[in-house]
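Single-letter residue listing:
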Amino acid sequence: MEYPMICFNGGRPEKDGTYDEGTRNGMISVIIHEVGHNFFPMIINSDERQWTWMDEGLNTFVQYLTEKEYDSNYPCQRGPARNIVDYMKGDKSKMCPIMTNSESIYQFGNNAYGKPATGLNILRETIMGRELFDYAFKEYSRRWAFRHPTPDDFFRTMEDASGVDLDWFWRGWFYGTDHCDMNLKEVKAFRLNTHNPEIEKQFDRSQKANKPKDVSLEKDRKENLETQVKSDPDMRDFYTTFDPYEVTTLDKKEYEEYLAKLSDDEKKLMQSGKFFYQVTVENKGGLIMPLVFDLQFKDGSHQEIRIPAEIWKRSEPEVTKVFSVNQEVVSISLDPWLETADVELSNNNWPAKVVPSRFELFKESRQGPSRENPMQRAKRANN
Ligand SMILES: [Zn+2]
């Protein structure tokens, strides 16, 4: 058996024993990463000259898990979905699928390390769940320890150990360069027609009152236009003063007859006071992803709704789903926890939200106040 030789470079302190944060984190990351290579590819012995991602990508993924276990405040770079966004939305002519021979890869770090590590994290947190993912990933490691797995062996084991069909995910994330951009295109609010004239006629009346004013009629009003009906009583008839929204005894009688025909279940649904929201999402990026929604209600509470990626089997590139909830919804946000690497967040909210950003005052020559590291500054401050 061969033993890997692991070499750590960099991470040296200054002469006074201090070091800056970047040096510290670089050193910690490289140690975690290189130790991980004992497993990928030394024990689970894939061919890195052919498929770099099989050792670097998988190892970067376990590096990410280890960094989080070391310190929850650790500035992990590769793993979280939000950190791959800049790469995913980049120039496609400078990108190639992860499934590209190692000699022909553009942007080696993002392609062979960052994107596969992020893909596994998305599978674990958003698509499969931790329990299924961890079991399948360990099963791959067990099955292929001291053997020579190819990409198919990895894909197949992840699927048959978990019982989850992931073909669509391998195709999008490993064999393509599409990015995720989901557009929360439309939200329509519906309510049940209660047939109760007291409610429905009031509703119709307010719908009419809430319509924008007609510009011509407004100008006529300001000019005190004297209409025929106003000036001449002979011009008036029944309909001049008829209020179609007034509830009559006949309306009430008809409603009672309608209620008498309903079953108990139908009556229950009628009285539930449910609110319905029909939500349409358009897939603009091409990459398939599950849909995660956060609904905020009038009283400030929230509800999370997660829809598996399989919904896209029904219709592409647009899907529509109806949510039935107990309260009025004031806002809906898509991918609220930034777990799908959606590259465009300005179309993820209903009503639309301004994505915060800031202008930096640009100075031509930046004169840094000091080249000290924070440890040196802290020492100087204490003296
Ligand atoms: Zn490596």
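See the structure shown above.
If you're wondering where the values come from, they're calculated on a predicted model, not measured in any experiment.

Considerations on the overall build of the chain
Counting its secondary structure elements, the chain contains 14 helices and seven strands. Its C-alpha atoms give the chain a radius of gyration of 31 Å, clearly above 21 Å, the size a compact globule of 383 residues would have. Judged by the C-alpha coordinates and their principal axes, the chain covers about 105 × 60 × 45 Å. Put simply, the chain has 383 residues, and 37% of those count as buried. Once local pairs closer than 6 in sequence are excluded, the contacts in the chain between residues at least 24 apart make up 70%. Total accessible area on the chain stands at roughly 24800 Å², and carbon and sulfur atoms take up 50% of it. For the chain, the centre of its 52 positive side-chain charges and the centre of its 64 negative side-chain charges are spaced 4 Å apart.

A look at the coordination of the zinc ion
In this structure, H33 (NE2), H37 (NE2), E56 (OE) and E56 (OE) serve as the protein donors to the zinc ion, at separations of 1.9 to 2.6 Å. Of note, the zinc ion draws all its donor residues from one chain, in the sequence arrangement H-x3-H-x18-E. Pair noted here: H33 is in helix α1 (residues 21–36) and E56 is in helix α2 (residues 52–70), with a separation of 23 residues, a long-range link. Of the residues examined, H33 reaches a relative accessible area of 8% and is grouped as buried. You can call E56 buried: its relative accessible area is 8%.

Things to note about unusual backbone geometry
Residue P41 is bonded to the preceding F40 through a cis peptide linkage, with omega at 15°. Along the chain, the position of P41 falls in the loop between α1 and α2. Of note, the bond from E316 into P317 is cis; its omega dihedral lies within 30 degrees of zero at 0°. Relative to the helices and strands, P317 resides in the loop between β4 (302–307) and β5 (318–325). Positioned with a positive phi, H195 is a non-glycine residue whose angle comes to about 65°. In this structure, H195 sits in the loop between β1 (182–191) and α8 (197–209). With a phi close to 60°, A341 is a non-glycine residue in the positive phi region. Looking at where A341 falls in the secondary structure, it is placed in the loop between β6 (329–334) and β7 (349–350).

Cut-off values and rules
- Residues numbered from 1 in each chain as written.
- Predicted model: local features only at pLDDT ≥ 70, side-chain atom pairs only at ≥ 80, totals over all residues.
- Heavy atoms only, no water.
- Helix = DSSP H or I, 4+ residues; strand = E, 2+ residues; numbered from the N terminus.
- Rg over C-alpha atoms; globule rule 2.2 N^0.38 Å.
- Buried < 20%, exposed > 50% of the residue type's maximum accessible area, 1.4 Å probe, protein only.
- Contact = heavy atoms within 4.5 Å.
- Areas by Shrake-Rupley, 256 points an atom, 1.4 Å probe, with all protein chains shown as cover.
- Lys, Arg positive; Asp, Glu negative; His and termini not counted.
- Charge placed at Lys NZ, Arg CZ, Asp CG, Glu CD.
- Donors = N, O, S within 2.8 Å, 3.2 Å for Na, K, Ca; no water.

Scope: geometric values only; no functional claims are made or implied.
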